[in-house]
Amino acid sequence: MTKDPDIDLEEFWARALKTHWNIDAELSVLPGELDQNFLAQEKDGSKCILKIMRKECPHWLIKAQIEAIEHLSKKDSSLKVPMILRSSKGASFIDEVDWFGNERLIWVQKYISGKCYAEIKQKSPAISFDMGVALGQVAKALADYKNESLVRDFKWNLPGSLWIKKYLTTIEDSDRLKIISKIIDDFEEILPTLSSLGQQTIHNDPNDYNILISGEKYQSLNVSGIIDFGDICVAPRVCDLSIAAAYIVLDHTEPEKMLAAFVSGYHSVYPLDIKEVDLVWRLLRMRLAVSVVNSTLLASKNKDDAYITISQTPAWDFLENFRINEGLIKARLKSVCGMPVVEGADRTMDWINKETNKFFPLFGTQLADVEIKSLSVENTSVPQNPFELQNDEAKNIGFEIRDRDNFWLGYYNEPRLIYTARAFRLGPWKASNRRTVHIAIDVFADEGTELFAPLDGEVFIAEYRENQLDYGGVIILKHTTPSKDEFFTLYGHLDPIFLNNLKVGDKIEKGQKFCQLGPPDVNGGWAPHVHFQLALTTEGMEADWPGVADPDDLIFWNAICPNPAALLNLKDTDCLYEPSGKKELMNDRLKHFGGNLSVSYDDPILISRAWKHHIFDEWGRPYLDAYNNVPHVGHSHPRINQVALDQLNKVNLNTRYLHPLQSKFAKKILSKLPANLEVCYFVNSGSEANELALRLARAHSGKKGIITPDEGYFGNTTGALSISAYKFKKPNGVGQAEWVEIIEVPDDYRGSFKKDDPDRAIKFANLIDGAIERLNSKGIGLSAFIMETFPSVGGQIIPPQGYLEQVYGKIRKQGGVCIADEVQTGLGRLGDCYFGFEFQKVKPDIVVLGKPLGNGHPIGAVITTQEISKSFDNGIEFFSTFGGSNLSCRIGTEVLDIVDQENLQQSAKTVGDFLISGFRELKKRFDFIGDVRGMGLFIGLEIIRSDGSEDPELCGYIKNKMRENRILIGSDGPKDNVIKIRPPLTIELEDAQMLLATLSEVLEGTIDWS
Ligand SMILES: Cc1ncc(COP(=O)(O)O)c(C=O)c1O
């Protein structure tokens, strides 16, 4: 083809594509370093990639690539590689002259949709595993593709990486030079092993731009393609794996988990050998070294190109800052591949298990019949504050057993909340992952109790750690099995008195007394006990063994530190803790409970403990509770617990007897309400309260008709349901009763009158007229207007200012009663006011209160005027057995006092304002946040599609992703597209920051969808 002055480059090559492949497409340039690539799109939308090779590109290399790809496609058409499109004449490539007269090789590949891995946001272990699988499958299928020309030495052939040694002078920074030199030394050490491995054809460049990822909306991501076979060569397959791994570990907070997931994915389809797994870490570092040296070299030649240097930042960051022990990484990779974590691990465990009952009893007496006590998240409430174990709590753990017995045992693999120091947290937030699972056995006994060596050993560590809640005196012994395998045992919380006569290297004989339990003042502050742990290696840990592991990393830590029961002459199962199983509980639910009992989140949570605004699952994983409003003053509030216990110890009877608590509670509530409200009725729930409110209104008005906004919820009793449009309107719902009239919710985002309409409050209020009219015309007449002051299940709606004033005016004119349901909005949640109706500047005739009033204890209350109360007092007793019990009154009063004394209303304002302004910032960045609304800690985010309609799928996705990231939020609204945030009022700014940062990450992840 010749150059035509009237056409551009794209058109020039489009003609070539048409001529040789008969593909009529529009071309657009794709980025490329040496070769030129075009995206070709045909009219019907089908796409391919036209590749114009650089002029000096050798034919054999392209032929080899094409052959290899065709080999792969033939072997397994499901492999994620780009199919070669042959020309009209059946050629896999064509020689064509470019418009400068240079001969260029051109070829065409089918387009694969997706984004390159480098560009996606959700870099999770799951996608890393999938990449391992995809690369393993390609490598496996390439194993029998032979091509002598691919046995080649060039700069990206990993075994030949030592070429960088010649260029080390280009690295000016001496610290960096040290890092690279160490990597080279390490690499040279493994070269003989690498050279001994078999070789095969490998892709050799599965870097983060050559792996494509795609995902449908709301779905998890998958690998869609492995592209660019330009560096294909023959080498040990572990090189291919390590090259991909070198990019997977970059820019991630948990690179070791990403790497482990990747290697296990690869291993699952193309099993690796231990020898290969042991090389991965050094090879991946060598690849990064080659990459940074290569770039430094390029940068020194292209001084103006800042990008070359910038592009290496993640690699340098990783090499400079990510300190991880090679031994531990190797062990981790082996554990995910199901291999023994250290050479001989299986032999050692077999020997230990065989020797059970022959070990010298650690305390001179067998422990088989000793009581075992759980300190698990589920079974104990120590510590009361799971973020701060108190010294007294540590000192007194299990004291009730110690009074009974000399010895008691603590479980292996037991999740506990007693490890509260910051060092146990694995992230910046209180609800970040944390290490909770005890990977040792405890034996509790009196201080001074002596310990005897279970078997021969040598002192490996003997030291004193003085910090509170550390080990105090600690000894590690090294043991050797008859097959010469080494293993180690650790004894913590000892009296450091052993330091007088034990030193590292000393031999200890089986049965020798070698230490004694320390008292709390020298054992780290704990109830006297020994923490007895077994480890199959100390590589990477030395003296610093984690005694507690992250529950999500337990497989690995169980492999390094297995159950030491056998060394105590116990069976593993005697001391192995297993928390309640989620699956079994779910099955029980299905079997023994109604099917319409719902459970939150795609992956339900088993909640075992809670404190303030955090909850903990059965493994001790913390979650930020940004959803539950019942624990108004915080979960497990010590004051509530204390008064409840005290009251139960005194008396708990009903309102038929006099008790000052009843008046005290009533006066406390009334002190918060307008003066016209003087009479309280105490009940057990919001439903019961609303039911009673309806009876009061009807008694007073003598009419039956109720007007209420659409989508409201007032409870689950028959009357409350009848006025809850949110329920009765649903398919299979009971339907609208004749005496109920619904009006439009005053929602100025989605409703008939929008925010920009200054008269919207009046216009919404005017809708009342029709409803009154309808009730009158049916001959039913108006009894009351009832509204959740700010509708919650309706989508966290804040009615326009002035709305209730208008509505109440109209209702009262007709002799109707105005009922405010403040179950969701009352008691300071809104920050600016104690009750929602204050904000609307109205005084209701009846106020309904519910769940937050008892902080979890069932309390409801109805407060009304003397007049209404008198109308209701018709000679028939009003009695609610549990309503107004001494206990309820005591708890209710305490809740209200706590709101005042802990300044929770003010805090709701401060944290709420911070959250709302943070959400408004997010709204500017993400079009799918249609509206941010709320007051204080009553907040809604409306999630919409690009056409403005409700997007419940995205809302559900966000809710579940937040749960995955340890934050509980809910969703609501008529179309379930409003994210609902209404945490306990104890939530703090630090938690709000976590919420905003996490939500931002989750929302950013949505750009990964194709
Ligand atoms: C506004 C409102 N009123 C009443 C109720 C009913 O309360 P309970 O479930 O305690 O009966 C609820 C419950 O969610 C509510 O949100």
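These remarks concern the structure in this document. Because the structure is predicted, anything quoted here is derived from the model rather than measured. (Residues numbered from 1 in each chain as written. Predicted model: local features only at pLDDT ≥ 70, side-chain atom pairs only at ≥ 80, totals over all residues. Heavy atoms only, no water.)

**Quick word on the packing of helix H7 (residues 274-301) against helix H9 (residues 313-321)**
Here is step 1: At their nearest, the axes of H7 and H9 sit 10 Å apart, and the two run at 135° to each other. When the interaxial angle is binned, H7 and H9 end up oblique. As for how H7 packs across H9, the hand of that crossing is left-handed. Within the contact between the two elements, H7 uses Trp281, Leu284, Arg285, Leu288 and Val292 and H9 uses Ala315, Trp316, Phe318 and Leu319.
Here is step 2: Class assignment of the residues belonging to the contact of H7 with H9 gives a composition of 8 nonpolar, no polar and 1 charged. (Axes fitted to C-alpha atoms, helices over the stretch in contact; angles between N-to-C directions. Helix = DSSP H or I, 4+ residues; strand = E, 2+ residues; numbered from the N terminus. Parallel < 35°, antiparallel > 145°, perpendicular 65-115°, else oblique. Left-handed = near helix turned anticlockwise from the far one by under 90°. Contact = heavy atoms within 4.5 Å. Nonpolar A, V, L, I, M, F, W, Y, C, P; charged D, E, K, R; others polar.)

**Observations concerning the packing of aromatic side chains**
Here is step 1: Within the structure shown, the criterion is met by 33 aromatic pairs.
Here is step 2: Both rings, one in Phe387 and one in Phe616, keep their centres 5.7 Å apart while their planes meet at 50°; by these two values the pair is tilted. In this pair, Phe387 sits in the loop between strand E12 (371-373) and helix H12 (391-395) while Phe616 sits in strand E26 (residues 614-617), placing the two residues 229 residues apart along the sequence. Judged on exposure class, the residue Phe387 and its partner Phe616 are both buried. (Phe/Tyr/Trp six-rings, centres within 6.5 Å; stacked < 30°, edge-to-face > 60°. Buried < 20%, exposed > 50% of the residue type's maximum accessible area, 1.4 Å probe, protein only.)

**Brief notes about the sheet that holds strand E21 (residues 507-508)**
Here is step 1: An order of E12-E13-E16-E23-E20-E19-E18-E21 is seen for the 8 strands of this open sheet, with the pairing classed as mixed. What marks the edges here is a single partner per strand, and that holds for E12 and E21.
Here is step 2: Two elements, strand E13 (residues 408-410) and strand E16 (residues 441-444), share 3 bridges in a ladder whose sense is antiparallel. Considered in E16, the bridge of Trp408 is made with Phe444.
Here is step 3: Along the sheet face, helix H11 (residues 345-354) touches strand E20 (486-494) and strand E23 (529-535) and points at about 65° away from the line of E20. (Pairing = 2+ DSSP bridges.)

**A closer look at the sheet that holds strand E10 (residues 222-226)**
Here is step 1: Reading across the sheet, the 3 strands line up as E7-E9-E10 and stay open at both edges, with antiparallel pairing between neighbours. Single-partner strands in this sheet number two, and they are strand E7 (115-116) and E10.
Here is step 2: Bridge analysis of strand E9 (residues 211-214) against E10 gives 4 bridges, and the strand direction is antiparallel. What sits directly across from Ile211, in E10, is Ile226.
Here is step 3: Against the sheet, helix H3 (residues 125-142) contacts E9 and E10, and its axis sits at roughly 35° relative to E10.

**As for the nonpolar core**
The tendency in soluble globular proteins is for nonpolar side chains to be buried side by side.
Here is step 1: If you look at the biggest cluster of nonpolar residues, it comprises 212 residues, and the most contacted ones within it are Ile180, Phe785, Phe919 and Ile958.
Here is step 2: Among the elements that take part in this core, H7 stands out by supplying 13 residues, more than any other.
Here is step 3: Not counting residues up to four positions away in its chain, the partners in contact with Phe785 are Ile707, Pro709, Ile743, Ile768, Tyr803, Leu804, Val807, Tyr808, Ile811, Val817, Cys818 and Ile819.
Here is step 4: Leu362, Tyr412, Leu502 and Ala565 belong to the second largest nonpolar core, which has 64 residues in total. (Core = buried A, V, L, I, M, F, W, Y, C linked by side-chain atoms within 4.5 Å.)

Function-wise, these values are silent; they only describe arrangement.
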